[in-house]
Amino acid sequence: RGMECHAWFVTFPLGTEKSVKEQGKLSVVKKKPKLCKRHNGEWYLDPGVPETADYILSLVKEIVNGYDIDGIHFDYIRYPEEAKKFPDKALYNKSGKKKSLADWRRENINRMVYRIYDWVKQTKPWVQVSSSPLGKYNRIERVPNAGWTAYESVFQDPKMWMQQGKQDMIVPMMYYLHKNFFPFVDNCNGRLVVPGLGAYRMDKSEADWAVNDITDQIDYSRYYGGAGCAFFRCGNVLYNDKGLYKELRDNYYKYPAQLPPLTWLNDSVPAAPEGIKVERLDDELHLTWQKPVSEKQDLTYTVYYSLTDSIDTASAKSILATNI
């Protein structure tokens, strides 16, 4: 089905007091206490401690080296809620030099993001690195009361990560409507931006959104060059809340889709397949081909079809199958 497997990292949160206590000696709080801070009744890795990046990179190395995955994805790669109260002032006073607290915190996360990306690309260049930052990047003039933002509130700077070429994709959590959604959809440095849409907000206990609240956001994201959409949560789609699954299946995702090209990793076009054959087997056509001898790496192909002499390969309607 053209699906990929990306390993999901809950980056800095370590759990509540209760969950940490239940883990006992296995908890990171017990094993690496110098990396950990207690904040609002929960435990977190402290991004300002240099060894925190060492520890997270060690986990990345274990997954990337040990498993045949397509990517790693960082969630919660940010300071926690109510970050102004996060207990890192002593560390800041010691190592912050002349930076503001906000700049120092952002730099702590930036440094780790860059280091992990560089290691992954040196080890397995095809493994994608992505993250899900807050959906509203920063406070803008059009929306002065934007509330919780990535840049100001939790010291994430995903725009800088993209501009520096240290993420292959971001999936910003765009769980908002209207003026809190549309101005914040952005495209960064040719890398992939996949807005995360709040399908869970359709639940009556949440915000009671209508189906068109979601589909309007898909339309907008497509118009402004988004590389697709993600949905949180999967269940809210599959359970067909308010007919969302049917709308996506019958209209928005009616045809197969190709994964967007990662041109900054490899922009070469493989040679055409060889030995193409079409055979009739009973009432079916059997299509086979051979990988060109000149191509050393594994390849997958997209098969297009048309009932006329011409074909529009830019149209999803022409795709018979992809990633085969």
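The structure this text deals with has already been given above.
Residues numbered from 1 in each chain as written. Predicted model: local features only at pLDDT ≥ 70, side-chain atom pairs only at ≥ 80, totals over all residues. Heavy atoms only, no water.

1. Digging into the overall build of the protein chain
Secondary structure assignment for the protein chain yields ten helices and 15 strands. Across the 324 residues that make up the protein chain, the buried fraction comes to 41%. Per element, the accessible surface of the protein chain, about 19200 Å² overall, is 51% carbon and sulfur. One finds the centroid of the 45 positive side-chain charges in the protein chain at a distance of 9 Å from the centroid of its 41 negative side-chain charges. (Helix = DSSP H or I, 4+ residues; strand = E, 2+ residues; numbered from the N terminus. Buried < 20%, exposed > 50% of the residue type's maximum accessible area, 1.4 Å probe, protein only. Areas by Shrake-Rupley, 256 points an atom, 1.4 Å probe, with all protein chains shown as cover. Lys, Arg positive; Asp, Glu negative; His and termini not counted. Charge placed at Lys NZ, Arg CZ, Asp CG, Glu CD.)

2. Quick notes on the sheet that holds strand 8 (residues 173-174)
Here we have three strands laid out as an open sheet, ordered 8-10-11, and parallel in their pairing. Only two strands of the sheet have a single partner each, and these edge strands are strand 8 and strand 11 (230-231). Bridge count for strand 10 (residues 196-197) against strand 11 is two bridges, and the pairing is parallel. Bridge pairing in strand 11 places Gly196 opposite Ala230. (Pairing = 2+ DSSP bridges.)

3. With respect to unusual backbone geometry
The omega torsion of the bond from Phe232 to Arg233 falls at 10°, within 30 degrees of zero and hence cis. Along the chain, Arg233 turns up in the loop between strand 11 and helix 9 (234-238). Unlike most non-glycine residues, Asn40 shows phi in positive territory, near 50°. If you trace the backbone, Asn40 turns up in the loop between strand 3 (36-39) and strand 4 (42-45). Despite not being glycine, Asn240 has its phi angle at roughly 60°, a positive value. Looking at the secondary structure, you find Asn240 in the loop between helix 9 and helix 10 (244-252).

4. Overview of the pattern of salt bridges
The final tally for this structure, using the stated rule, is twelve salt bridges. Between Lys85 and Glu82 there is a salt bridge, with its nearest N and O atoms 3.3 Å apart. On the basis of relative accessible area, Lys85 is assigned to the exposed category, the value being 59%. Among the ionic pairs, Arg106 bridges to Asp103, the shortest N-O distance being 2.9 Å. Here Arg106 pairs with Asp103, and both are found in helix 5 (residues 101-123), just three residues apart, close to one helical turn. Residue classification places Arg106 among the buried positions, given a relative accessible area of 8%. (Salt bridge = Lys/Arg side-chain N within 4 Å of Asp/Glu carboxyl O.)

5. Describing the packing of helix 8 (residues 211-223) against helix 10
In the contact formed by helix 8 and helix 10, the axes pass within 10 Å of each other and the chain directions differ by 35°. The handedness of the crossing between helix 8 and helix 10 is right-handed. Across the interface between the two elements, Val211, Ile214, Thr215, Ile218, Asp219 and Arg222 of helix 8 pack against Leu244, Glu247, Leu248 and Tyr252 of helix 10. Here the contact of helix 8 with helix 10 is built from residues that sort into six nonpolar, one polar and three charged. (Axes fitted to C-alpha atoms, helices over the stretch in contact; angles between N-to-C directions. Left-handed = near helix turned anticlockwise from the far one by under 90°. Contact = heavy atoms within 4.5 Å. Nonpolar A, V, L, I, M, F, W, Y, C, P; charged D, E, K, R; others polar.)

6. Digging into the nonpolar core
Counting 38 residues, the largest nonpolar core has Leu45, Val60, Ile72, Phe74, Ile116 and Val120 as its most contacted members. Residue assignment for this core shows that the elements contributing at least two residues are strand 1 (6-10), helix 2 (28-31), strand 4, helix 3 (50-66), strand 5 (71-75) and helix 5. The element contributing the most residues to this core is helix 5, with eight residues. Once you skip the residues sitting within four places of it in the chain, Ile116 turns out to touch Ile56, Leu57, Val60, Ile72 and Phe74. Residues Val143, Ala199, Met202 and Ile214 belong to the second largest nonpolar core, which totals 18 residues. (Core = buried A, V, L, I, M, F, W, Y, C linked by side-chain atoms within 4.5 Å.)

7. Side note on the environment of Tyr76
Along the polypeptide, Tyr76 turns up in the loop between strand 5 and helix 4 (89-95). On the basis of relative accessible area, Tyr76 is assigned to the partly exposed category, the value being 36%. Sequence spacing of Tyr76 and Ser132 is 56 residues, and the spatial spacing of their C-alpha atoms is 7.5 Å. Every residue in contact with Tyr76, bar those within four places of it in the chain, is listed here: Val10, Thr11, Phe12 and Pro13.

8. Focus: the packing of aromatic side chains
In the structure shown here, the tally under the stated rule is 15 aromatic pairs. For the pair Phe181 and Tyr220, a centre-to-centre distance of 6.5 Å together with 70° between the ring planes defines the contact as edge-to-face. Here Phe181 is found in the loop between strand 8 and strand 9 (192-193), whereas its partner Tyr220 is found in helix 8, with 39 residues between them in sequence. Here the aromatic cluster, defined as three or more aromatic residues joined through ring pairs, consists of Phe181, Phe182, Tyr220, Tyr223 and Tyr224. Stacked on the ring of Tyr151, the Lys or Arg Arg106 has its end atom at 3.7 Å from the ring centre. (Phe/Tyr/Trp six-rings, centres within 6.5 Å; stacked < 30°, edge-to-face > 60°. Lys NZ or Arg CZ within 6 Å of the ring centre and 35° of its normal.)

9. Observations regarding helix 8
Here helix 8 is 13 residues long and its end C-alpha atoms lie 19 Å apart, about the 18 Å a rise of 1.5 Å per residue gives. Taken together, the buried positions of helix 8 are occupied by Val211, Asp213, Ile214, Thr215, Gln217, Ile218 and Ser221. The inward-facing, buried residues of helix 8 abut strand 8, strand 10, strand 11 and helix 10. One or two positions beyond helix 8, positive phi appears at Gly225, with a value near 85°. (Expected span 1.5 Å × (residues − 1).)

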